[in-house]
Amino acid sequence: MNAYVGTPTSRVDGRAKVTGAAKYAGEFSANGLVHGFVVEATIPRGRIVRIDTHEALKVAGVLDVLTHANRPPLADKDEAWKDEVAPEGSPFRPLYDDMIKFNGQPIALVLAEEWETAKFAATLVRIDYEQLEFVTDLEAERGSANEMDKPHKPRGDAKAALAVAGLRHEADYLVPTEHHNPMELYATTTVWEDGKLTVYDKTQGVQNVQKYLCSVFGKKPEEIRVLSPYVGGAFGSGLRPQYQVVLATMAALALKRSVRVVLTRQQMYGLGYRPMTIERVALGARPDGTLDAITHEAIAMTSRYEDFSRNDTGWAEQLYKSPNTCFAHKLVDLDVSTPCDMRAPGAASGVCALECAMDELAVALKLDPIELRLKCYSDRDQSEDLPYTSKQLRECYARGAEAFGWSSRDPTPRSMRDGKELIGWGMATGVWEALQMPVAARIVLTANGHAEVSCAASDIGTGTYTIVAQVAADALGLPIENISVRLADSTLPQAPVEGGSWMAASSAHAVLAAAEDIRQELARLAKAMPDSPLADIEMHNVTLANGMIASNGKNAAAVSIADVMRHGKIERIEKERLNEFAEDKSHARNTHSAVFAEVKVDEEFGVIRVTRVVSAVAAGRILNTKTGRSQIMGSVVWGIGMALHEETQIDHRFGRIMNANIAEYHIPVNADIHDINVIFVDEPDQRINKLGIKGLGEIGIVGVPAAIANAVYHATGKRIRRFPITLDKLLE
């Protein structure tokens, strides 16, 4: 019998993707499909005085131009616009009224028979504004920051401990605004069918979008169905419904026709983003490296209308022992769109600052960076004084250092060379939460030995189709080829948005629970068969394997599942289970990593190359070592982008993003990526869940930017605290 869980199983949806059979939100068609193109505001704050659509409407093929003045009815209460992951505040409402909240805000939708026609006609829409005073510069406004609830309670007296510390390090680290640039543009195709809508949307949560649309448009659940079978990258940008799904649905209701709205790359910069954050970290240490005090304050940007924040601070309490700690998170309200989650929200930025500060402390103490971290290592989550379900971070340090060759490192900056290039070696720690959410799964087993597994969960490219098939195949004792998986349809069993690294653990255990119900049903039927070899078997003492139901133990009696179902006169067994995890407050649940990076820096030109990365990850049981490795490799690439490339640049005179394209918004390309070695550290964890799964989506990026920044310092002797680290900063 094949055992699939824990093996390098190829993606079950791989063939569909490489052959083009997999359809994305902007690829579904319908009879009489109408195309929409968005007209955006060109001021950051104010109101619309007049919209002139006459010239646009004269263009042949243009059907209508929707604005706040002629759109279909929309809900008028804030609560109706709040999706399941909305932050505090008043959510943005596209085409709701004449107020402008940010530059790039959608203010009209041109509808035409052809996309090119709609795009051209959009250039003919004329808008007069009354512009109001605005601010978009976080650094200039940092003094106006409002403190949010503290992510962790302060312990001891950090201020006093810092004042008398034998050695103190304090510095600001700036992580800039970073925008999502998934391969697939945000798109929605809304199909009109006799008053009912089938909405194909790029989203990480179809049921979230379905409930949101019903609330916004006052529709019954049976009137709107949302599907997102394939997603070409999201990682946080699709957690909330984006405005194009509202516009496409609005247009379909107005025209009583099917409508598609696809955003351009530039328009996607009006969606969510990782917020610019100023991270101030202070560490007080004794000469031996033990910490007496840690403080971490984050000042982040948000919109005027919603308070978006994530836990940038407080990670130190899960990594390093200190009797005195204080953490704070502050927000500055700006005339911008609301930020959103981006891979490892909070941790990617906050741990970057923390781990750069730890490296600076190691240099000041003349300690090896790993030695410092081991001296301060915490076996308990100090914020609540809890043990971990499992924590193999020490082993991550050891395995990663050995694979990287860390013992050969000369700690003196500028001491290692390769011809004209300076070589730098740096390392950092990663940490993330191991979260689990209620998820339901349905399994239909048919007499021919085929099983269909269905769940409303999305697959955002991480491999959910595959791991669901793996778990089902093992639990039902079937070849993986006999498992089909249906996901991302709002009519399927419930699932939350896919994010936070919780979907693998959550969906896998829902599948296990449904499979257990099927096993019990088969056992009952098998016992009732005439002359059954399993007549006297106890219900719990059977297993499913190779299309058979068999008793456990040597010389096990067995009967085929097909025979069992035939004798039971049933063609199918259908079971659905909601897997709700019991909340366990007795232990902390986290994933961990140790990241080692090598950079080579051209001494004359300042060009930085990341030539090697070793990422040693402890994340419980790895369901699929092939797709899991791919997850970590992709995370490392993104971390290289954070360290060296990514920065959204705003001209604060106009409140306008100046590099809203992937020619000027730099992201890593193939030439930037070299050797990446992923090591999975064995971490059995039966306390967290039955399979010991923790999730991999976020942990792979955490620590990568800091490891690279620390390597750049080691190579050049220059400490760059303002990301991304670019050659102009090195050559200053």
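Rules behind the numbers
Residues numbered from 1 in each chain as written. Predicted model: local features only at pLDDT ≥ 70, side-chain atom pairs only at ≥ 80, totals over all residues. Heavy atoms only, no water. Helix = DSSP H or I, 4+ residues; strand = E, 2+ residues; numbered from the N terminus. Buried < 20%, exposed > 50% of the residue type's maximum accessible area, 1.4 Å probe, protein only. Contact = heavy atoms within 4.5 Å. Areas by Shrake-Rupley, 256 points an atom, 1.4 Å probe, with all protein chains shown as cover. Domains from an automatic or database assignment. Buried area = accessible area lost by both parts, 1.4 Å probe. Core = buried A, V, L, I, M, F, W, Y, C linked by side-chain atoms within 4.5 Å. Polar contact = N/O pair within 3.5 Å; in protein donor to acceptor, adjacent residues only side chain to side chain. Axes fitted to C-alpha atoms, helices over the stretch in contact; angles between N-to-C directions. Parallel < 35°, antiparallel > 145°, perpendicular 65-115°, else oblique. Left-handed = near helix turned anticlockwise from the far one by under 90°. Nonpolar A, V, L, I, M, F, W, Y, C, P; charged D, E, K, R; others polar. Pairing = 2+ DSSP bridges. Expected span 1.5 Å × (residues − 1). UniProt positions renumbered as here; feature names shortened; annotations may be inferred.

1. Overview of the overall build of the protein chain
Along the protein chain, the regular secondary structure elements total 17 helices and 35 strands. Principal-axis analysis of the C-alpha atoms places the extent of the protein chain at approximately 85 × 75 × 50 Å. Counting across all 732 residues of the protein chain, residues that qualify as buried make up 60%. Look at the contacts in the protein chain between residues 6 or more apart in sequence, and 80% of them connect residues 24 or more apart. Split by element, the accessible area of the protein chain, about 28,400 Å² in all, is 49% carbon and sulfur.

2. As for the domain arrangement of the protein chain
Taken domain by domain, the protein chain consists of domain 1 (34-133 + 183-234 + 238-270), domain 2 (277-435 + 585-730) and domain 3 (437-578). Here domain 2 and domain 3 have C-alpha centroids that lie 40 Å from each other. Taken together, the contact between domain 2 and domain 3 spans 16 residues of the former and 13 residues of the latter. Across the interface of domain 2 and domain 3, roughly 1,200 Å² is buried in total on both sides, 62% from carbon and sulfur atoms.

3. Concerning the nonpolar core
Ranked by size, the top nonpolar core spans 103 residues in total, and within it Leu213, Ile443, Leu476, Ile483, Leu522 and Ile549 carry the most contacts. With 13 residues, helix 13 (residues 503-528) is the single largest residue contributor to this core.

4. Some words on the side chain of His587
Counting through the fold element by element, His587 comes out in the loop between strand 30 (572-579) and strand 31 (590-602). On the accessibility criterion, His587 (16% relative accessible area) is buried. Engagement of the side chain of His587 in a polar contact is seen with the side chain of Ser586, the distance being 2.9 Å. Here Arg687 takes part through its side chain, which lies 3.3 Å from a polar atom of the side chain of His587. Look past the residues within four positions of His587 in its chain and what remains in contact with it is Leu386, Pro387, Tyr388, Thr389 and Arg687.

5. A look at the packing of helix 15 (residues 625-644) against helix 16 (residues 704-716)
Following both chains from N to C, one finds helix 15 and helix 16 inclined at 55 degrees, their axes separated by 8 Å at the closest point. Our classification of the angle between helix 15 and helix 16 gives oblique. Here the hand of the crossing between helix 15 and helix 16 comes out right-handed. Contacts between helix 15 and helix 16 involve Val636, Gly639, Ile640, Met642, Ala643 and Leu644 from the first element and Val704, Pro705 and Ile708 from the second. The residue inventory of the contact of helix 15 with helix 16, partitioned by class, reads eight nonpolar, one polar and no charged.

6. Side note on the sheet that holds strand 8 (residues 146-147)
Spatially, 8-19-17-16-9 is the arrangement adopted by the five strands of the open sheet, whose pairing is mixed. Edge positions in the sheet fall to strand 8 and strand 9 (167-175), since each has one partner strand and no second. For strand 16 (residues 277-285) and strand 17 (residues 291-303), the ladder comprises nine bridges, and the chain directions are antiparallel. Each bridged residue has a counterpart across the sheet, and for Arg280 the counterpart in strand 17 is Glu297.

7. Considering helix 13
The end-to-end C-alpha distance of helix 13, which contains 26 residues, comes to 38 Å, matching closely the 38 Å that a straight helix rising 1.5 Å per residue would cover. In terms of residue burial, helix 13 counts as a mostly covered element, since 19 of its 26 residues are buried.

8. Considering the UniProt feature "domain: Aldehyde oxidase/xanthine dehydrogenase a/b hammerhead" (unreviewed entry) in the protein chain
The UniProt entry lists residues 19-133 under the feature "domain: Aldehyde oxidase/xanthine dehydrogenase a/b hammerhead" (unreviewed entry), expressed in the numbering used here. For residues 19-133, the helix share is 11%, the strand share is 31%, and the end-to-end C-alpha distance is 52 Å.

9. Details of the sheet that holds strand 12 (residues 196-201)
Strand order in the open sheet made by the seven strands is 3-6-1-14-11-12-13, with mixed pairing throughout. The open sheet has two edge strands with one neighbour each: strand 3 (62-66) and strand 13 (224-227). The sheet shows a mean angle of 20 degrees between the axes of neighbouring strands, direction not considered. Sheet topology note: the strand 11 (residues 187-193)/strand 14 (residues 259-262) ladder contains four bridges and is antiparallel. Within strand 14, the position partnered with Thr189 by the bridge is Arg260.

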